[in-house]
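Chain by chain, the residues run as shown.
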Amino acid sequence: MESPALCLPASRMGHTHTPVRQKLLTRVLPSPTVHSCRSVRQDITVQRIRNTFTVEVYEMHARICLEYGDMTEFNQCQAQLTQLYEEGLGTAEAEREFIAYNILYNVGKGAANNVNDLMLPLTKEFVDDDKFITFALQVQFAWHTVQSRLLQPPHPHTFPIHRYAPPSPSAT
């Protein structure tokens, strides 16, 4: 890990983060852009910065990773986001969005125990008030239903529920 003296100062990180966010919105993300996300994340970690900017960086990078199928980086972001949300940072809406992504990820992996663990703290009101979690649980139910009928993992396009996914906040 780098020395904090070699890191980009916190006051300058926003200057790196803003152009990356703009490129994400336009769906133009060359490899150096993704690398700059990793660099900012590393600088944040080395300097032990834990604030709303940290959450924004991890959320943005996690969305980029999902968009481009980099599940290793996504899992690293997801792990940090879970901790940041537990510390009371970030918005409730974003937290629910990432809980939904985590449910979907584990459904896709066939990790039913992980899905059950993620669902334990969810209340009916919490689920009913959120389009992302509602959708993720619908996918989980459909996946479980198809699996129990076929006794084998189905292909994701076996059922058309993917057409009803709520749009990502980065797409709006």
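Basis of the calculations
Residues numbered from 1 in each chain as written. Predicted model: local features only at pLDDT ≥ 70, side-chain atom pairs only at ≥ 80, totals over all residues. Heavy atoms only, no water. Core = buried A, V, L, I, M, F, W, Y, C linked by side-chain atoms within 4.5 Å. Buried < 20%, exposed > 50% of the residue type's maximum accessible area, 1.4 Å probe, protein only. Helix = DSSP H or I, 4+ residues; strand = E, 2+ residues; numbered from the N terminus. Contact = heavy atoms within 4.5 Å. Phe/Tyr/Trp six-rings, centres within 6.5 Å; stacked < 30°, edge-to-face > 60°. Axes fitted to C-alpha atoms, helices over the stretch in contact; angles between N-to-C directions. Parallel < 35°, antiparallel > 145°, perpendicular 65-115°, else oblique. Left-handed = near helix turned anticlockwise from the far one by under 90°. Nonpolar A, V, L, I, M, F, W, Y, C, P; charged D, E, K, R; others polar.

A. Quick look at the nonpolar core. Core analysis: the biggest nonpolar cluster contains 15 residues, and Ile103, Val107, Leu122 and Ile133 have the highest contact counts within it. Of the residues forming this core, the biggest block, seven residues, is contributed by helix α8 (residues 131-150). Excluding residues that lie within four positions of it along the chain, Ile133 makes contacts with Arg96, Ile99, Ala100, Leu122, Phe126 and Val127. Grouped together as the second largest cluster of nonpolar side chains are 13 residues, Tyr58, Leu81, Leu84 and Tyr101 included.

B. Molecular detail of the environment of Thr82. Take Thr82: it is sitting in helix α4 (residues 71-86). Note on Thr82: relative accessible area 34%, which makes it partly exposed. Residues Thr82 and Ile99, spaced 17 residues apart in sequence, show a C-alpha to C-alpha distance of 8.6 Å.

C. Region of interest: unusual backbone geometry. Its identity as a non-glycine residue notwithstanding, Arg48 has a phi of 55 degrees, on the positive side. For Arg48, the position within the fold is in the loop between α2 (31-46) and α3 (52-68). Overall, the relative accessible area of 73% leaves Arg48 in the exposed class.

D. Representation of the packing of aromatic side chains. A full pass over the atoms with the stated rule returns two aromatic pairs. With 6.2 Å between their ring centres and 55 degrees between their planes, Phe74 and Tyr105 make a pair best called tilted. Taken together, the residues Phe74 in helix α4 and Tyr105 in helix α5 (residues 92-109) connect sequence positions 31 residues apart. Accessibility assignment for this pair places Phe74 and Tyr105 in one class, buried. Ring centres of Phe98 and Tyr101 lie 5.1 Å apart, and the angle between their planes is 85 degrees; this geometry places the pair in the edge-to-face category. Placement of both Phe98 and Tyr101 in helix α5 is noted, with a separation of three residues, approximately one turn of the helix. Comparing Phe98 with Tyr101 shows no difference in burial state: the two are buried.

E. Just the packing of α3 against α4, in detail. Orientation of α3 relative to α4, taken along the N-to-C sense of each, is 150 degrees, at an axis distance of 9 Å. On the basis of their axis angle, the class for α3 and α4 is roughly antiparallel. Crossing of α3 against α4: the hand is left-handed. Note on element contacts: α4 touches α3 through Met71, Glu73, Phe74, Cys77, Gln80, Leu81, Leu84 and Tyr85, opposite Thr54, Val55, Tyr58, Glu59, His61, Ala62, Cys65 and Leu66. Across the contact of α3 with α4, the residue classes tally to 11 nonpolar, three polar and two charged.

F. Spatial organisation of the packing of α4 against α5. Contact geometry of α4 with α5 gives a least axis separation of 11 Å together with a crossing angle of 135 degrees. By the angle between their axes, α4 is oblique relative to α5. Seen along the crossing, α4 lies across α5 with a hand that is left-handed. In this structure, α4 contributes Met71, Phe74, Asn75, Gln78, Leu81 and Tyr85 to the contact, and α5 contributes Ala94, Glu95, Phe98, Tyr101, Asn102 and Tyr105.

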